[in-house]
Each structure stands twice: as structure tokens, then as C-alpha cells.
Amino acid sequence: MGISFSLSQLGWKPFFQQQLNLDELSSYTAARVFEQHRSEYLVASELGLQRITIHPNMPKMAVGDWLLLEQANTPEAKFVKQLEPATLFSRKAVGTRAELQLIAANVDTVFIVCSLNNNFNLSRIERYLALANEAKVDPVVVLTKADTCDDVPSFIQQVQKLDPMLMVEAVNSLDANEVAKLNPWCKQGQTVAFMGSSGVGKSTLINTLLGEQTSQTGAIREADSKGRHTTTARSMHLMENGGLLLDTPGMRELQLSDCEEGVNATFNDITELAEHCKFADCQHNSEPGCQVQQAISQGLLDERRLVNYHKLMREQQFNAASVAERRATDRDLGKFYRRVQNSVKQLKQRG
């Protein structure tokens, strides 16, 4: 399609090279998923961009995944295999479906975008941090619409209290000079994903980083600071400074699943206090000798944080159980179908 890339531009790392033998290196072409649609992927390789039709026998992949192609950049191009991702974001599927949905693969940094208006919500930021910590991806909280806020430092301080080591940047997304604060995480070959609810200004921020109108922007309803859902597909874009920008739709129903490690890492202040509680099974409610409750009473821990910790831990446990139950049901159903098919074959052979 008139454009080619180097593997280093696309984010190729030794982790992926080590998964290939000499024959695979010489025979196949490594490509990265740039866009995900219902029936096809747009992939990028040293040969350029091309579309790959999704077939039922292909594994589920996400934007950012690496794969091998045979006869790449030809009408006869064939999918060979998917490489193991270095990092992977997933969630329980939106709605009532007990399925795990892939969000993004091989991300180096995630920008957790939250606006400095009625959308600002510490509990929501903690939810995204749990996802990032579970995926072992470095998070950066980006506070947008700083030009409309009278006391930006106080908001930065609130977020910083969640984790003293957490990187936090406040920007006016329309000002390229301010958005340049994010350049250290957008160097060549580095993949940055964007997460945040609808209306926080992700599309505006992305447009400024790219220097073009790649993402359609939507109007904000000032009455409630909510925006229209403008991004319709997951996609990756190459930035001018060489970074790879991965966009995801505004996730209105972001649900955690099998994310206990990520939740505990996000609330490490609570888990560290819990180690010194009098009882090993302390629920941090009204048990005697509870160090968590003592920290709250002394003003060292925000009670909101404990409430959200319990909420996210219950949610991830429930969703993980739902997904596991669904998988077990699917396995049992598959076994039943195979037994029926075998019985039919045997009857035909006898007849």
C-alpha cells in the first residue's frame, strides 16, 4: 500500500525474536496487527500494510499482536501463527456475556486519561491502574482540560496519593507544547495505549500527538461533562517521533476479571497494612487489631480507598468465576457434540 516499515519501528523486540527458529525467520514475514475489525485485521510489516481476513481457525488476536505470514503482501497470504505477547490487556466482555475480551497486546505504557471536570474520579483511575498492574504495563495518568481547571496542583496531589511513584501529567490537549510532556513515553518503537471513559478528551489528545485529525472528535455536553462515544475500532498509529499510538474505544463497562494481582498491586498500601492485622483472615471491617481500620481512624488512609478495594476484589473474583464456569460449560458441550458425532459415524459404519 505504498508504505513500508522497519521491524524496530513496529516495536519488534528480542522477546519476539526468541520465539522463532531459523526456518521461521527465513521463511515467514513478521507482521503486527494495526487495526481490528469484525471480519479482518490490518497488519503492518517490512513489506507494508495489508488486510488479512479473519478465519474461524485463527486464534483471537488484539491490536498490537505479532503474527507470522506466509507469502505476505500477496493475495495468497496465509496466517501461520501468533506470537506470545509480552503484555496483554483483557477484560470481561461488556454486558452479561461470561467471556474474556482482548483489548490490546504488547503495550509498553498506558496513558490513563481523565479530565479535570465532573469526570474526575479516583475510583475509576484505580480501576484502570489495576488493569495496568495486572498486565505489567507502566501507567501514566494524564489529566486533560487543565486549561479549564482553577486548581490543577490539588488534583495532581489527589492522584499522586494513590501511589507516590505514579507518573501524573496535566495537559491542555489542544496545546502541542503541553502535550509534548508525554514525548518521553512515545519514542521510536514504544507502544502507548490510551484508556479512559467517554468524554475525557482522548480523541483530542490523540489528534494533537499525531498532528492530524486521525480520530473523530465529539462534542461535550457541558451540563454533565459527558461526551459522545466517538471511537469505533481499535487501531494503531505511527507518531512523528516514532512512537506507536494504540487507541481503544471508551470503555463504559470496564470490568475486571482474574485480576487479583493487579488489584493488590494498586492497593499495596492496604495489603501491606493487612499483613500486620491481628487476624490473618481480617476483613478490615470491625475486627479487633485491624491495622487498616486503625490507619483510617488516624487519617493515614482514605476510607473511600478501602471501599473501592473491596469492590474491585469482589468484582474480579465474580467475573473470573463466571468466565471459568462458561469455559467449563463450553468444554462439556464440545465433548457432548463429539460423542454424538462418533455415535453417528459408528451407526453409518454398521449400516
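Undergrad: Would you mind showing me how to read the overall build of the chain here?
TA: Assigned secondary structure in the chain consists of 10 helices and 15 strands. A total of 351 residues make up the chain; the buried ones form 46% of that total. Within the chain, counting contacts between residues at least 6 apart in sequence, those at least 24 apart form 65% of the total. Total accessible area computed for the chain in this model is approximately 18400 Å², and 48% of it derives from carbon and sulfur atoms.

Undergrad: Mind showing me how you'd approach helix 6 (residues 202–210) here?
TA: Since one α-helical turn is 3.6 residues long, residues separated by three or four positions face the same way. Within helix 6, seven of the nine residues are buried, which leaves it mostly tucked inside the rest of the structure. Within helix 6, the full set of buried residues consists of Lys202, Ser203, Leu205, Ile206, Asn207, Leu209 and Leu210. Packed against the buried residues of helix 6 are strand 8 (109–115), strand 9 (138–144), helix 5 (176–179), strand 11 (191–195), strand 14 (235–238) and strand 15 (244–247). One or two positions beyond helix 6, positive phi appears at Gly211, with a value near 75 degrees.

Undergrad: I keep staring at the environment of Met239 and nothing clicks. Help me out?
TA: Checked against the element boundaries, Met239 lands in the loop between strand 14 and strand 15. Between the alpha carbons of Met239 and Gln188 there is a distance of 8.5 Å; along the sequence they are 51 residues apart. Those residues within four positions of Met239 in sequence are excluded, and the remaining contacts are Cys186, Leu209, Leu210, Leu244 and Leu245.

Undergrad: Help me understand unusual backbone geometry in this model?
TA: Trans is the common state for peptide bonds, and a negative phi is the common state for residues other than glycine. At Lys145, a residue that is not glycine, the phi angle is positive and equals roughly 60 degrees. Its location among the elements puts Lys145 in the loop between strand 9 and helix 4 (152–160). The exposure class assigned to Lys145 is buried, which follows from its relative accessible area of 19%. Unusually for a residue other than glycine, His284 sits at a positive phi of about 60 degrees. Structurally, the position occupied by His284 is in the loop between helix 8 (268–274) and helix 9 (291–297).

Undergrad: Help me out: how do you make sense of the pattern of salt bridges in this one?
TA: Tallying each qualifying case throughout the model produces nine salt bridges. Linking Lys81 and Glu24 is a salt bridge whose minimum nitrogen-to-oxygen distance equals 3.2 Å. Here Lys81 is found in strand 5 (residues 78–82), whereas its partner Glu24 is found in helix 2 (residues 22–27), with 57 residues between them in sequence. Since its relative accessible area comes to 13%, Glu24 is described here as buried. Close ionic contact of Glu261 with Lys136 constitutes a salt bridge, the shortest N to O distance being 2.9 Å. Of this pair, Glu261 sits in helix 7 (residues 260–266) while Lys136 is found in the loop between helix 3 (122–135) and strand 9, placing the two residues 125 residues apart along the sequence. Residue classification places Lys136 among the exposed positions, given a relative accessible area of 54%. Here the salt bridges do not stand alone but share partners, grouping Glu126, Asp269, Asp302, Arg304 and Arg305 into one network.

Undergrad: What am I meant to see in the packing of aromatic side chains here?
TA: Any two aromatic rings considered together are summarised by their centre-to-centre distance and by the angle between their planes. Applying the stated rule across the entire model yields nine aromatic pairs. Ring geometry for Phe15 and Phe16: centres 5.4 Å apart, planes at 85 degrees, overall edge-to-face. Each ring, one from Phe111 and one from Trp185, has its centre 6.3 Å from the other, and the planes form 90 degrees; the classification is edge-to-face. Of this pair, Phe111 sits in strand 8 while Trp185 sits in the loop between helix 5 and strand 11, placing them 74 residues apart in sequence. Through a chain of ring-to-ring contacts, three or more aromatic side chains come together here, namely Trp12, Phe15, Phe16 and Trp66.

Undergrad: What exactly am I supposed to notice about the pairing of strand 2 (residues 40–45) here?
TA: Each regular strand shows side chains that alternate between the opposite faces of the sheet. With respect to burial, strand 2 is a largely interior element, five of its six residues being buried. Judged from the four bridges that link them, strand 1 (residues 29–36) and strand 2 form a sheet pairing that is antiparallel. Residue pairing across strands places Gln36 opposite Tyr41, the latter belonging to strand 2. Two successive antiparallel strands, strand 1 and strand 2, enclose a turn made up of three residues.

Definitions and limits used
- Residues numbered from 1 in each chain as written.
- Predicted model: local features only at pLDDT ≥ 70, side-chain atom pairs only at ≥ 80, totals over all residues.
- Heavy atoms only, no water.
- Helix = DSSP H or I, 4+ residues; strand = E, 2+ residues; numbered from the N terminus.
- Buried < 20%, exposed > 50% of the residue type's maximum accessible area, 1.4 Å probe, protein only.
- Contact = heavy atoms within 4.5 Å.
- Areas by Shrake-Rupley, 256 points an atom, 1.4 Å probe, with all protein chains shown as cover.
- Salt bridge = Lys/Arg side-chain N within 4 Å of Asp/Glu carboxyl O.
- Phe/Tyr/Trp six-rings, centres within 6.5 Å; stacked < 30°, edge-to-face > 60°.
- Pairing = 2+ DSSP bridges.

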